[in-house]
Amino acid sequence: MCAEYDALPGLGHACGHDVIAASAVGAAAGPAPVADEHGLRVTVFGTLAEEGGGRIHPLERGVFDGVHLAMMRHPGPVDVAEADPFPVAHCAVDHRGRAAHAAAHPEQGRNAADAFTVAQVAIGLLRRQLPSGVRVHGVMTSAGEATNAIPEHTRGRRYARAGTLGEPAELQQRVERCFEAGAHATGCALTIEQESPPYAEFRNEHALLAAYRRNAGALGRMFAEPGDPAARMNRASTDMGNVSQTVPATHPCPGIGSLPAVDHQKEFAAHAAGPAGDRAVLDGATAPALTAADAAADSAQRERLLAGRDTPARG
C-alpha cells in the first residue's frame, strides 16, 4: 500500500494526498489480523512526494523487490476505477542575463525575463502543431525583484505530457528549443535540468480492477460513465506508472463529491478535509483491502501475481 502526504504550494491538499495517506494505512490495517492465515505480508510504503517522482528512485533501488501487488488510490471529484495517466517529462529552466538600470543604462542589460517571455510565446505557437493528446504547461517561479532593474535571472518549470513514455522525451526536445530561442533572442545564458526521471504510462491489472469495482460497488460507490469530463482525474500523471511497469498495480480514483470543484482548487482541498473526504478514506481503505484479500483467496490470481512481471520497467 503506497502512502504519501505531499501538498501543493499555495493550495494545500488540493489533490487529496491527505486522503491517500490515511486510506493507505487503513487498507493495510484491515487485512493485517488475517494476513498470516491467508499467507499475506502487507506493507505500507511511505513513498516520497509524487510531485517530484518520489517512487521512481526507490523503485530503481529495489525497494519494491519481492512485492507482488502495489496498490494506491488518488481522490478525484467522482469515482473512476481505471488509471490512464499521461507519461510526463519535467524540466527546470534557468535564464541568466545581465542586470542594468532600466532607465539610465538599458543597453547594458540582458533581460532574462524577456528570454522566458519569448520562450512562452514560442511554446504557445508550438501547441498549434501538437497532437490533441499532448499537454505542455508550466510556470515562471522567479523573474526579478526591482521594477527599475533589468531582470538578470529567471527560473521556471515546464511539463511535457503525451500518450506513451517515449513521446514526452521527443516533445521535451521541441520545448527546449523554444527556451533556446529565448536565450538567443536576448543574449542570455540558458540551463535546463531534468527534475526527475520521466513518468511512465500505467499498466492496469484488469482482473484486479474488476474485483475492485465489485468491492467498491458493494460499499455504495457509483462509477462515472465513460467520457464524463469529471472523470478526467484518472489522466493525471503519476510515478505509480513506473511502479506498474514492474509490479502488478492498481490506482483507482475514489470520488469525494466535490463538483463543481476539481483537483488543484482550494475548494477541493476543503472537500477532502470534510465528511466526503472521510468517507473516501474509509472506502479507499476498505475496497483495496478486500481486493487484495480476493486476490489472495483466488488460486489462479494468486499464482499469476506471484509470477510477477516478465518485462522490465519502461522508465
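Residues numbered from 1 in each chain as written. Predicted model: local features only at pLDDT ≥ 70, side-chain atom pairs only at ≥ 80, totals over all residues. Heavy atoms only, no water.

**Q** Quick question: what am I supposed to make of the overall build of the protein here?
**A** Across its full length, the protein carries nine helices and eight strands. By principal-axis analysis of the C-alpha atoms, the protein measures approximately 80 × 40 × 30 Å. Each of the 315 residues in the protein was classed as buried or not, and the buried ones make up 48%. Once local pairs closer than 6 in sequence are excluded, the contacts in the protein between residues at least 24 apart make up 80%. About 14,900 Å² of surface is accessible on the protein, with carbon and sulfur atoms providing 54% of the total. (Helix = DSSP H or I, 4+ residues; strand = E, 2+ residues; numbered from the N terminus. Buried < 20%, exposed > 50% of the residue type's maximum accessible area, 1.4 Å probe, protein only. Contact = heavy atoms within 4.5 Å. Areas by Shrake-Rupley, 256 points an atom, 1.4 Å probe, with all protein chains shown as cover.)

**Q** When you look at the pairing of strand β4 (residues 88–96) in this model, what are you seeing that I'm missing?
**A** Side-chain direction in a regular strand flips from residue to residue, so the side chains alternate between the two faces of the sheet. Of all nine residues that make up β4, seven are buried, and the element is covered over most of its length. As paired elements, β4 and strand β6 (residues 153–161) share nine bridges and run antiparallel to each other. Bridge pairing in β6 links histidine 95 to threonine 154. Where β4 and strand β7 (residues 189–194) come together, six bridges link them in antiparallel fashion. Across the sheet, the residue bridging to valine 93 is isoleucine 192, located in β7. (Pairing = 2+ DSSP bridges.)

**Q** I keep staring at the sheet that holds β6 and nothing clicks. Help me out?
**A** Pairing between sheet strands relies on hydrogen bonds along the backbone, with the strands arranged either parallel or antiparallel. Here four strands make up an open sheet; going across it, the order is β5-β6-β4-β7 and the pairing antiparallel. The sheet terminates laterally at β5 (135–143) and β7, the two strands that pair on one side only. Between one strand and the next, the sheet's axes are offset by a mean angle of 20°, whatever the strand orientation. Its contacts with the sheet put helix α3 (residues 112–126) on β4, β5 and β6, and the angle it makes with β6 is roughly 20°. (Axes fitted to C-alpha atoms, helices over the stretch in contact; angles between N-to-C directions.)

**Q** Would you explain the packing of helix α8 (residues 275–297) against helix α9 (residues 299–307) in this entry?
**A** Two numbers describe a pair of packed helices, the interaxial angle and the distance between the axes. Running from amino to carboxyl end, α8 crosses α9 at an angle of 95°, the nearest separation of the two axes being 5 Å. The orientation of α8 relative to α9 falls into the category roughly perpendicular. Two secondary-structure elements touch here, α8 through Ala295, Ala296 and Ala297 and α9 through Ser299, Gln301, Arg302 and Leu305. Partitioning the contact of α8 with α9 into residue classes produces four nonpolar, two polar and one charged. (Parallel < 35°, antiparallel > 145°, perpendicular 65-115°, else oblique. Nonpolar A, V, L, I, M, F, W, Y, C, P; charged D, E, K, R; others polar.)

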